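For reference, the chains in residue letters:
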Amino acid sequence: MATVPVAETTKNTFIDAGYISGVLECAKGATDAEIRRILDKAERFEGASHTEIAALLMTEKPEHIARIFDIAGKIKRHIYGNRIVLFAPLYVSDYCVNRCAYCSYNCGHDFPRRKLTMDEVREETKLLEQMGHKRIALEAGEHGAECPIEYILECIGAIYGMKFKNGEIRRINVNIAATTTENYRKLNAVGIGTYILFQETYHQPTYEQVHLAGPKRNFDYHLTAFDRAHEAGIGDVGGGVLFGLADPRFEVLALMIHNEHLDERFHSGFHTISVPRLCAASGMSLADFPHLVDDATFERVVAIIRLAVPFTGMILSTRESHEMRGKLLKLGISQISAGSSTEVGGYAKRARNEAANPQFYVNDERDALDIISELMGDGYIPSFCTACYRSGRTGDRFMSLAKSGQIKNVCLPNALMTLTEYAMDYGGEAFRAKAFAAIGQNLPGIANERMRTKAAENIEQIKRGAHDFYV
Ligand code: SAM
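Because the structure is a prediction, the values reported are computed rather than measured.

Undergrad: Just to check I follow, could you spell out the packing of aromatic side chains for this structure?
TA: Within a pair of aromatic rings, the relevant descriptors are the distance that separates the centres and the angle that separates the planes. Under the counting rule described, the total for this entry stands at ten aromatic pairs. Between the aromatic rings of Tyr-195 and Phe-226, the centroid separation amounts to 5.9 Å while the plane-to-plane angle is 75°, which identifies the pairing as edge-to-face. On the criterion of sequence distance, the pair formed by Tyr-195 in strand 4 (residues 195-196) and Phe-226 in helix 10 (residues 225-231) is long-range, its members being 31 residues apart. The class for Phe-226 is buried, based on a relative accessible area of 3%. For the pair Phe-226 and Phe-270, a centre-to-centre distance of 5.8 Å together with 75° between the ring planes defines the contact as edge-to-face. Here Phe-270 lies in the loop between helix 11 (248-266) and strand 6 (272-274) and Phe-226 lies in helix 10, a separation of 44 residues in the sequence. An aromatic cluster of three or more residues is present, and its members are Tyr-184, Tyr-195, Phe-226 and Phe-270. Above the face of the Tyr-151 ring, Lys-115 is positioned so that its terminal group lies 5.0 Å from the ring centre. For Lys-463, the ring lying beneath its charged end belongs to Phe-436, and the centroid distance is 4.4 Å.

Spelled out as structure tokens, the structure:
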């Protein structure tokens, strides 16, 4: 069948550095009354426009900053409740043609590169599944010859093709380099979850300074990747900035303008926003990066994003320490990775007790089970839910359900059912007792009576060995 030609956006029309700097400068003049109005609006879960966000980014008044944190916590509790979605990365290839100053995969670095064979992909998948993961982020360096789109598609096929006694990987989010509309079509056809791509920095001079060579150096092409993904039919795209490369206020404002652009053009802004912060890695020194973001500023960044886009999931990786993750969960993070390896073949190496050679050094090295147990101890419900994408609640459909508040009717039952499944399949007796107590306490929180009754019935069936219920 002949393929229908599609648009192929490659030119930036929405990020203008002069405009962003001007808005930030102008926002310095925001009055107390204006900032209070913006905060009142955010407190009603109405989000904020980019000019309003600029005012929150620029204020230094302690009473405003305290209220930003307060409202972020309130939004988090109201929209996401105590659910935390879990995932892990799966690195399949470290071949790379780019020269990114912050990344150990930089093609100028000399180390034995590899990509996984399909048997190795299956071995890693099995190890991830043994940790209880149902959702992964597939990661690869950029290399047209060693890691073409066909290789990525083959990996996805191998992962989705695996069924275990306890289930399977049910959602593969994909974090690979910006590519063509045609390649995004191919990814869409094999049923990926979210297409994730970090802009790294929206500040073009910095972008060109840190991306020294390779296709990734093309700022416009990288920036318009989500336009092409949408043009190819991918409804869920996940953005992010690598904090530590440029001024975080500039980055957050640009990220929000990017979100508005996608919302205007495709009626669906970012499905998720990731907040990676620069970590030490082999072949680079953090001392060479003058814009590293300290913890206090980073907390503010997370809180302000939470206010700006209350319905957009926020993802935090093991780049952050145990302590920081605890703080940021309260300020808006809704998804975290657990038990991660940032190395090609890293899960198998870990199982063999071999020394790691990661893409960057993570700061939370706890086992997935420890992280999950501790989340429950802190009153959270770890969720292995992958239902939205499997039920076709993606793109603008997801966003309209989220904005109407109805999404909660499915998120909580799914979280409780998948936690029951996890407890049965991976938890010891003590863990199960703790999980079942938490599930019992949270069931009454399902507002819709029919959904509540159904979830309770399903949970009983899962306790008797059934799998994979979702609504
Ligand atoms: N190759 C893909 C691309 O070009 O976008 C992305 C895959 S890469 C495995 C995932 C992300 O790791 C990058 O987008 C970058 O933000 C992040 N990363 C690279 N080096 C890092 C470091 N030293 N610290 C923290 N994150 C880093």
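Undergrad: What should I look at first to understand the site of the ligand in this one?
TA: Taken together, 22 residues form the shell around the ligand, and within it Tyr-102, Ala-140, Glu-200, Cys-279 and Arg-319 come nearest. Here Tyr-102 contributes a backbone N or O atom positioned 2.9 Å from a nitrogen atom of the ligand. Protein chains bury 97% of the 580 Å² of accessible surface belonging to the ligand in isolation. Of the residues in the shell around the ligand, the class split is 14 nonpolar, three polar and five charged.

Undergrad: Looking at this structure, how should I read the packing of helix 4 (residues 62-80) against helix 12 (residues 295-308)?
TA: To characterise two packed helices, one gives the angle between the axes of the helices and the distance between these axes. Close contact between helix 4 and helix 12 brings their axes to 9 Å; oriented N to C, the two are set at 55°. By the angle between their axes, helix 4 is oblique relative to helix 12. Here helix 4 runs over helix 12; the crossing is left-handed. Across the interface between the two elements, Ile-65, Ile-68, Phe-69, Ile-71, Ala-72, Ile-75 and Tyr-80 of helix 4 pack against Glu-299, Arg-300, Ala-303, Ile-304, Arg-306 and Leu-307 of helix 12. Residue composition of the contact of helix 4 with helix 12, grouped by class: ten nonpolar, no polar and three charged.

Undergrad: Is there a simple way to explain helix 13 (residues 322-331) in this structure?
TA: Residues spaced three or four apart along an α-helix point in a common direction, a consequence of the helix completing one turn every 3.6 residues. Inspection of helix 13 places Met-324, Arg-325, Leu-328, Leu-329 and Leu-331 among the buried residues, and these make up the whole buried set. Buried residues along helix 13 cover an arc of 160° about the axis, so they all sit on one side. Opposite the buried face of helix 13, at more than 90 degrees from it, the exposed residues are Glu-323 and Lys-330. Against helix 4, strand 1 (83-93), helix 12, strand 7 (313-316), strand 8 (335-337) and helix 15 (368-377) lie the buried residues of helix 13. Of the residues one or two after helix 13, Gly-332 is the one with positive phi, at around 145°.

Undergrad: Explain unusual backbone geometry to me, please; I cannot follow it from the model alone.
TA: When glycine is set aside, most residues are seen to have a negative phi, and most peptide bonds are trans. Of note, the phi angle at Glu-200 is positive, near 70°, even though the residue is not glycine. Here Glu-200 lies in the loop between strand 4 and helix 8 (204-210). Among the residues examined, Glu-200 registers a relative accessible area of 8% and is labelled buried. Within the chain, His-267 stands out as a residue other than glycine whose phi angle is a positive 60°. Assignment of secondary structure puts His-267 in the loop between helix 11 and strand 6. Under the relative-accessibility criterion, His-267 is labelled exposed at 53%.

Basis of the calculations
- Residues numbered from 1 in each chain as written.
- Predicted model: local features only at pLDDT ≥ 70, side-chain atom pairs only at ≥ 80, totals over all residues.
- Heavy atoms only, no water.
- Phe/Tyr/Trp six-rings, centres within 6.5 Å; stacked < 30°, edge-to-face > 60°.
- Helix = DSSP H or I, 4+ residues; strand = E, 2+ residues; numbered from the N terminus.
- Buried < 20%, exposed > 50% of the residue type's maximum accessible area, 1.4 Å probe, protein only.
- Lys NZ or Arg CZ within 6 Å of the ring centre and 35° of its normal.
- Near = heavy atom within 4 Å.
- Polar contact = N/O pair within 3.5 Å; in protein donor to acceptor, adjacent residues only side chain to side chain.
- Areas by Shrake-Rupley, 256 points an atom, 1.4 Å probe, with all protein chains shown as cover.
- Nonpolar A, V, L, I, M, F, W, Y, C, P; charged D, E, K, R; others polar.
- Axes fitted to C-alpha atoms, helices over the stretch in contact; angles between N-to-C directions.
- Parallel < 35°, antiparallel > 145°, perpendicular 65-115°, else oblique.
- Left-handed = near helix turned anticlockwise from the far one by under 90°.
- Contact = heavy atoms within 4.5 Å.
- Arc of directions from axis to C-beta.

Without other data, these values stay purely geometric and don't point to any function.
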